[in-house]
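Summary of the model geometry
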Amino acid sequence: MKSLQTILFLLAICTVCDAGYRYYYHGSSYRSLYNRIHQLERRVDQLRQPVHIHVSGDKDHASMSPDGTHIDVHVSTDGNAGVGPAALNGEYSYASCYLQPNSASRTRSSVRGNVHLRQKPSSEIEIKVDFSGFPRAGLYGFHVHEVANFENGCNSFGGHYNPYGKNHGGPLDEERHVGDWGNLQVDSSRQIQTTTTDKLASLFGPESIVGRGIVVHAGEDDLGKGGDAGSLKTGNAGPRLACCVIGWNKDGSW
């Protein structure tokens, strides 16, 4: 990599995790590359062994070595990284996040599902959730976290995404983290399907949530009203049940 700018660009469009977890790569105009990575992803899941990743910026291509120990990813830069596939035309851009149980949890989780996101420039982000496998009906904290690092499962995703240094709050509060999406109301079937919007999080700009993580917690988020330091930091939402990485998608299954 020839410069710090190139390194930052590649970090912005690629999220790489250790073998045994899912691999996600995303960029502003790389649908064919995205599809190829998902083909390799299925093989990585089968291999269950350390895989070394090499990333360069000369062309759009991805391949795996015959012995399954190396993946080469090449991504060309077009000057619009982080803008989103359709944003320049004023149309919807789409992203998705495929939720998986926390591999580092001491208590086995079965929570799985999809988060689909879409947004037009200068409009609120739309969030569509389809999760199942919760241990019970009730409220579960739902947040965007600052990083998507699977080194220790969902536990290494960092804190809530908070680029403005605010206290934790609810999604309708003025004082809140960008990643504060409140609670999911899970019904007696132990699943949830819902669509909502958020006024602060965005797929666009320097504070884009693309490439960051989504976490579902084991407990209710008190929305910063709990009266203690933990409430103002995390909402006392408890351990992390499941998580995923946000990546660009073609249509987001809307």
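Located above this text is the structure these notes cover.
Residues numbered from 1 in each chain as written. Predicted model: local features only at pLDDT ≥ 70, side-chain atom pairs only at ≥ 80, totals over all residues. Heavy atoms only, no water.

Some thoughts on the pairing of strand S7 (residues 112–119)
Looking down a regular strand, the side chains alternate between one sheet face and the other. Counted residue by residue, S7 has six buried out of eight residues, so it is predominantly covered. Two strands pair when backbone bridges link them, and strand S6 (residues 93–101) and S7 are joined in this way by seven bridges, in the antiparallel orientation. What sits directly across from Leu-99, in S7, is Gly-113. Of the strand pairs in this sheet, S7 and strand S8 (residues 125–132) are connected by seven bridges, and their pairing is antiparallel. Residue pairing for S8: His-116 is matched across the bridge by Lys-128. Taken together, S7 and the strand that follows it, S8, pair antiparallel across an intervening segment of five residues, in which Ser-122 is found at a positive phi of about 70°. (Buried < 20%, exposed > 50% of the residue type's maximum accessible area, 1.4 Å probe, protein only. Helix = DSSP H or I, 4+ residues; strand = E, 2+ residues; numbered from the N terminus. Pairing = 2+ DSSP bridges.)

Some remarks on unusual backbone geometry
Although it is not a glycine, Ser-122 sits at a positive phi angle of roughly 70°. With a phi angle near 50°, Asn-236 is a residue other than glycine that sits in the positive phi range. Here Asn-236 lies in the loop between helix H3 (229–233) and strand S14 (240–245). Residue classification places Asn-236 among the partly exposed positions, given a relative accessible area of 38%.

Description of the nonpolar core
One recurring pattern in soluble globular proteins is that nonpolar side chains are buried together. Among the nonpolar cores identified, the biggest contains 32 residues, and Leu-117, Phe-131, Phe-134, Phe-142 and Ile-209 are the most heavily contacted of them. Secondary-structure elements contributing two or more residues to this core are S6, S7, S8, strand S9 (138–145), strand S11 (180–186), strand S13 (213–217) and S14. Residue contributions to this core peak at four residues, all from S8. For Ile-209, the residues in contact, after removing those within four places along its chain, are Leu-117, Ile-125, Val-144, Tyr-161, Val-178, Trp-181, Ala-201, Ser-202, Leu-203 and Ile-246. Grouped together as the second largest cluster of nonpolar side chains are seven residues, Phe-150, Phe-157, Val-215 and Val-245 included. (Core = buried A, V, L, I, M, F, W, Y, C linked by side-chain atoms within 4.5 Å. Contact = heavy atoms within 4.5 Å.)

Here we look at the state of the cysteines
Summed over the entire model, instances satisfying the criterion amount to two disulfides. The disulfide bridge from Cys-97 ends at Cys-244, spanning 1.9 Å between sulfur atoms. On the sign convention where negative means left-handed, the S-S torsion of about 115° between Cys-97 and Cys-244 marks this disulfide as right-handed. Of this pair, Cys-97 sits in strand S6 while Cys-244 sits in strand S14; the two residues are 147 residues apart in sequence, bridging distant segments of the chain. Put simply, Cys-154 and Cys-243 are joined by a disulfide, and their sulfur atoms are 2.1 Å apart. Residues Cys-154 and Cys-243 are joined through a disulfide that is left-handed, its torsion about the S-S bond being -85°. Of this pair, Cys-154 sits in strand S10 (residues 151–154) while Cys-243 is found in strand S14, placing the two residues 89 residues apart along the sequence. A single burial state applies to Cys-154 and to Cys-243, both of which are buried. Once the bonded cysteines of the protein are numbered in order along the sequence, the disulfide links fall as 1-4, 2-3. (Disulfide = S-S within 2.5 Å.)

Quick notes on the pattern of salt bridges
Summed over the entire model, instances satisfying the criterion amount to four salt bridges. Where Lys-199 meets Glu-174, a salt bridge forms, and the shortest distance between an N and an O atom there is 3.3 Å. In this pair, Lys-199 is assigned in the loop between strand S12 (191–198) and S13 and Glu-174 in the loop between S10 and S11, connecting sequence segments 25 residues apart. The class of Lys-199 is partly exposed, set by a relative accessible area of 41%. The exposure class of Glu-174 is exposed, given its relative accessible area of 71%. Note that Asp-198 and Arg-176 form a salt bridge whose closest N and O atoms lie 2.9 Å from each other. With Asp-198 in strand S12 and Arg-176 in the loop between S10 and S11, this residue pair connects regions lying 22 residues apart in the sequence. The exposure class of Asp-198 is buried, given its relative accessible area of 3%. (Salt bridge = Lys/Arg side-chain N within 4 Å of Asp/Glu carboxyl O.)

Considering the pairing of S11
In terms of burial, S11 is a largely internal element, five of the seven residues being buried. Of the pairings in the sheet, the one linking S9 to S11 comprises five bridges and is antiparallel in character. The residue bridging Tyr-140 from the neighbouring strand is Leu-184, located in S11.

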